[in-house]
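Summary of the model geometry
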Amino acid sequence: MSYTLFYSPGTASLAVHWMLIELGVAFEAEAVDIKAERSASYLALNPWGRVPTLVVDGAPVSESAALLMLLAERHPEGGFAPVIGSPERAAWMETMLLLANGLSPAMRDWFYADKDGEPAGADAVQALARRRIEGVFQRLDDMLADGRPYLLGEAVTTADFLATMLMRWSRNMARPATSWPRLEAYVTRTRARPAFVEVCRREGLTDWLNG
Ligand SMILES: N[C@@H](CCC(=O)N[C@@H](CS)C(=O)NCC(=O)O)C(=O)O
C-alpha cells in the first residue's frame, strides 16, 4: 500500500496526517501552500486545489472524512472504526456524518465567508455558521455526558480525529469548543495522544497543545 499526503499545516489535512501516524504506516508528506496559486499538477489531483489529497496506490482521493473512513477500512488492525455489523457501527456513521455534514461545512463558511460567497453578505453567513458550529459542539458535549472518554465510547475512532481537528479551529472563536467543560476534558484526552503531539511537531503547530 502506498500513500502520499498533500497537506497544509493545521488545515483539513491534519486529521488524516494524524491518523496515518497513529497507524504507523509508511507515507510521504508533501506540503501545499494554500495561500499561493496551485500548480497544474496539484489541480490534476484535486480540481478545487484544496487539501487534503491522499494519493492511495497512485489514485488521488480527497475529503478528510472519507479519507479517515478509507484508512480505517484499509487498516482494520488499527481498530479506529467499529467493524461492519457491530452495534457501535451506526453511531460511528452518524457521528462521522454529523461532523462531515454538520460541522465541517459550517467551519468552511465561517473561515471562507467572503471568499466562497459575496463579501457583503459575509457577516450573515458567519452568524449562521456560528450558530451551526455551536449547535454541533453542544451535541458532542451531550454525547460525552455519560462519562465516556471518546465520542463512541471506550475506543478511539476516526470520529475523534475529525472532531478534535474541527474543535481546534474554534480556538479563536467567541465560544471555542473548550468552553464546554466536557469538550475541554475530551480534547485534553485526545491531544495527549503521542500521535497528536507528533503531528503537531511535524506540521510546526505550537498552540492548542496540552500543558
Ligand atoms: N470538506 C473538505 C474541506 C477541504 C478544505 O476546505 N480545505 C481547506 C483548508 S482547511 C483548503 O484547502 N483551503 C484552500 C482553498 O479553499 O483555497 C475536507 O474535509 O477535506
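Structure: see above.
Predicted model, so just to flag it, every value in this text is computed and none were measured.

Reading guide: rules and limits
Residues numbered from 1 in each chain as written. Predicted model: local features only at pLDDT ≥ 70, side-chain atom pairs only at ≥ 80, totals over all residues. Heavy atoms only, no water. Helix = DSSP H or I, 4+ residues; strand = E, 2+ residues; numbered from the N terminus. Buried < 20%, exposed > 50% of the residue type's maximum accessible area, 1.4 Å probe, protein only. Lys, Arg positive; Asp, Glu negative; His and termini not counted. Salt bridge = Lys/Arg side-chain N within 4 Å of Asp/Glu carboxyl O. Polar contact = N/O pair within 3.5 Å; in protein donor to acceptor, adjacent residues only side chain to side chain. Contact = heavy atoms within 4.5 Å. Arc of directions from axis to C-beta. Near = heavy atom within 4 Å. Areas by Shrake-Rupley, 256 points an atom, 1.4 Å probe, with all protein chains shown as cover.

1. Comments concerning the side chain of R89
Relative to the assigned elements, R89 resides in helix α4 (residues 89-116). One buried charge, R89, has no salt-bridge partner; the nearest side chain with opposite charge is E73, at 5.6 Å. Among the polar contacts made by the side chain of R89, one reaches the main-chain carbonyl oxygen of P82 at a distance of 2.7 Å. Every residue in contact with R89, bar those within four places of it in the chain, is listed here: A81, P82, V83 and I84.

2. Regarding helix α8 (residues 194-203)
For α8, the full list of buried residues reads A195, F196, V199, C200 and E203. All buried residues of α8 lie within an arc of 140° about the axis, which places them on one face of the element. Of the residues in α8, the exposed ones pointing more than 90 degrees away from the buried face are P194 and R201. Among the structural elements, β1 (3-7), α1 (14-23), α6 (158-168) and α7 (181-191) are those in contact with the buried residues of α8. Following α8 by one or two positions, G204 has its phi on the positive side, about 75°.

3. Digging into the side chain of R168
Within the secondary structure, R168 is located in helix α6. Leave out the neighbours within four places in its chain, and R168 touches G10, L14, L205, D207 and W208.

4. Section: the site of the ligand
Residues in contact with the ligand, as listed here, are T11, A12, R38, R50, V51, P52, E63, S64, R108, Y112 and K115. Within the backbone of V51, a nitrogen or oxygen atom sits 2.9 Å from an oxygen atom of the ligand. Residue R108 places a side-chain N or O atom 2.7 Å away from an oxygen atom belonging to the ligand. Isolated, the ligand exposes 520 Å² of accessible area, and the fraction of that covered by the protein chains is 87%.

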